[in-house]
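Descriptive structure summary
Now for the letters of each chain:
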Amino acid sequence: MIPSERQQQILDLVAEKGVISITALIEKFNVSHMTIRRDIQKLEKTGAIVSVSGGIQTLERLPFEPSHSNKALMSEYEKERISQCAAEHILHGSSIYLDAGTTSLALAKNIAHRSDLIIITNDFVIAAFLIEHSACKLIHTGGVVCRENSSCVGTFAAKILLNTYVDIAFISTSSWSLKGLTTPDEDKIAVKEAIINSSGKRILITDSSKYGKVATFFIAPLTVFDLIITDNKLSEHAIKTIKERNLAIQIAK
C-alpha cells in the first residue's frame, strides 16, 4: 500500500472512531512505528487530525464560546501554573495587554502587587479585579459588550488597540491547533488582530485542553506568536511538532 492510500485510510478510521491509538494503527496496517509516525506528521500538517497522548483524534469543533463562569471552572490548576510562567516575562515598567479570559485573569492576580505596569484589557472582570487590588495604570478598551464573556469586542475596541502600543500582549484562545487560533465569535477577530499588530511581543497563554479544537473563524497562525505558554498535559508529539516548526513553547510544570 502506498503512503497516500494508507493515510486516507487513517483519516477514514479516525473519522469513524473519533480517536484511535498508534498501536492500533500499527497492527491495522502492519507497518513500523516510524512509518505511522510519518503518516501522522503529514496528516497533522494538513490540519486534518491532531495528536493526543498515545494516538490521534479528529479536530474537535467548538460551536460556541463557553461563558466566563464556565471557563472559570475549567483547568484551574493549569491556568495558575501558566500565569506564573507568564508573569516572569514581564519586565519592570512594561506596558502589557491582557486578553479577555480566565487565564488572563489568573495572570492579573499574579501581577496585582506590581505598581510599575501599564495594563490594557478588554475584560471587565480583569479590570474590576485590578481596580480593587492593584496600583497599576489601568486602561479598558471599551466597545461592544459581550455579556457571556464579560468583555468588549468588535471594531470599536479594535480601534482603541490600534492606537496603542504595548510591550507584551498576552493573548488567550478557546481553540487552537497547529493551524493556529480560531473562534466561534466573529466579533473577536478584530480585537485579536488589532493587538497582534499593536504589540512588540506576543505570547499565547492557553491550557492544553483547548488544543485540537477548531471553530468557524480563523484568527491567526501560530507563527505570529513569539512564545506559546501551555501546561504539561499537551502531548509530547504536539510539543515536538511545534518545536520542529521553529516555534518557541514553554511548558508550565
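The structure reproduced in this document is the subject of the present report. (Residues numbered from 1 in each chain as written. Predicted model: local features only at pLDDT ≥ 70, side-chain atom pairs only at ≥ 80, totals over all residues. Heavy atoms only, no water.)

1. Side note on empty space enclosed by the protein
Rule in force here: Put simply, the grid is 1 Å and covers the protein atoms alone, a cavity is a trapped set of points that fit a 1.4 Å probe, a pocket is an open set with protein on both sides within 12 Å along at least five of seven lines, and lining residues have an atom within 4 Å of a point. Grid points are joined across faces, edges and corners, and a volume is the space filled by probe spheres set on the points. Think of it this way: any DSSP run of H or I at least four residues long counts as a helix, any run of E at least two long counts as a strand, and we number them from the N terminus. The nonpolar class holds Ala, Val, Leu, Ile, Met, Phe, Trp, Tyr, Cys and Pro. Asp, Glu, Lys and Arg form the charged class, and all remaining residues, Gly among them, are polar.
Within this structure, the stated rule accounts for two cavities of 30 Å³ or more. Here the largest cavity is characterised by a volume of approximately 210 Å³. As for the largest cavity, its lining consists of 25 residues, of which Glu65, Ala100, Ser172, Lys188 and Lys192 are closest to the centre. For the lining of the largest cavity, the elements supplying multiple residues, two or more each, are helix H6 (102-110), strand S9 (151-153), strand S12 (180-183) and helix H9 (187-197). Across the lining of the largest cavity, the residue classes tally to six nonpolar, 13 polar and six charged.

2. Let's talk about the packing of helix H2 (residues 22-29) against helix H3 (residues 33-45)
Filter applied, for reference: Between N-to-C directions, angles cover 0 to 180 degrees, with each direction set by a line fitted to C-alpha atoms, over the stretch in contact for helices. Oblique is the label for any angle not under 35 degrees, not over 145, and not in the 65 to 115 range, which are roughly parallel, roughly antiparallel and roughly perpendicular in turn. Crossing handedness is defined as follows: a turn of the near helix away from the far one that is anticlockwise and smaller than a right angle gives a left-handed crossing, while the clockwise case is right-handed. What makes two residues a contact is simply this: any of their non-hydrogen atoms within 4.5 Å.
Axis separation between H2 and H3 bottoms out at 10 Å; the angle between their running directions is 110 degrees. As summarised for this structure, H2 and H3 are arranged roughly perpendicular, according to the angle between their axes. Considering how the two elements wind past one another, H2 and H3 form a crossing that is right-handed. Two secondary-structure elements touch here, H2 through Ile22, Leu25, Ile26 and Phe29 and H3 through His33, Ile36, Arg37 and Ile40.

3. Here's the deal with the sheet that holds S12
What counts, and what does not: A pair of strands is considered paired only if DSSP assigns at least 2 bridges between the two.
Read across the sheet, three strands follow the order S11-S12-S15 without closing on themselves; strand pairing throughout is antiparallel. Two strands lie at the open edges of the sheet, namely strand S11 (176-177) and strand S15 (217-220), each paired on one side alone. The pairing of S12 with S15 spans three bridges and is classified as antiparallel. Among the inter-strand pairings, leucine 181 is bridged to a residue of S15, identified as alanine 220. Packing against the sheet, H9 makes contact with S12 and S15, and its axis sits at approximately 10 degrees to S15.

4. Digging into helix H5 (residues 76-87)
Applicable threshold: To estimate the expected span of a helix, subtract one from its residue number and multiply by 1.5 Å. Each residue gets one of three labels from its accessible area relative to the maximum for its type: buried under 20%, exposed over 50%, partly exposed in between, using a 1.4 Å probe on protein chains only.
Taking 1.5 Å per residue as the helical rise, H5 with its twelve residues ought to reach 16 Å, and the 16 Å between its terminal C-alpha atoms agrees with that figure. When we look at burial in H5, the residues that qualify are Glu78, Lys79, Arg81, Ile82, Ser83, Cys85, Ala86 and Ala87.

5. Let's talk about unusual backbone geometry
Although it is not a glycine, asparagine 30 sits at a positive phi angle of roughly 55 degrees. Inspection of the secondary structure assignment puts asparagine 30 in the loop between H2 and H3. Using a relative accessible area of 70% as the deciding quantity, one classes asparagine 30 as exposed. Unlike most non-glycine residues, asparagine 246 shows phi in positive territory, near 60 degrees. Structurally, asparagine 246 can be placed in the loop between helix H10 (236-244) and strand S17 (249-252).

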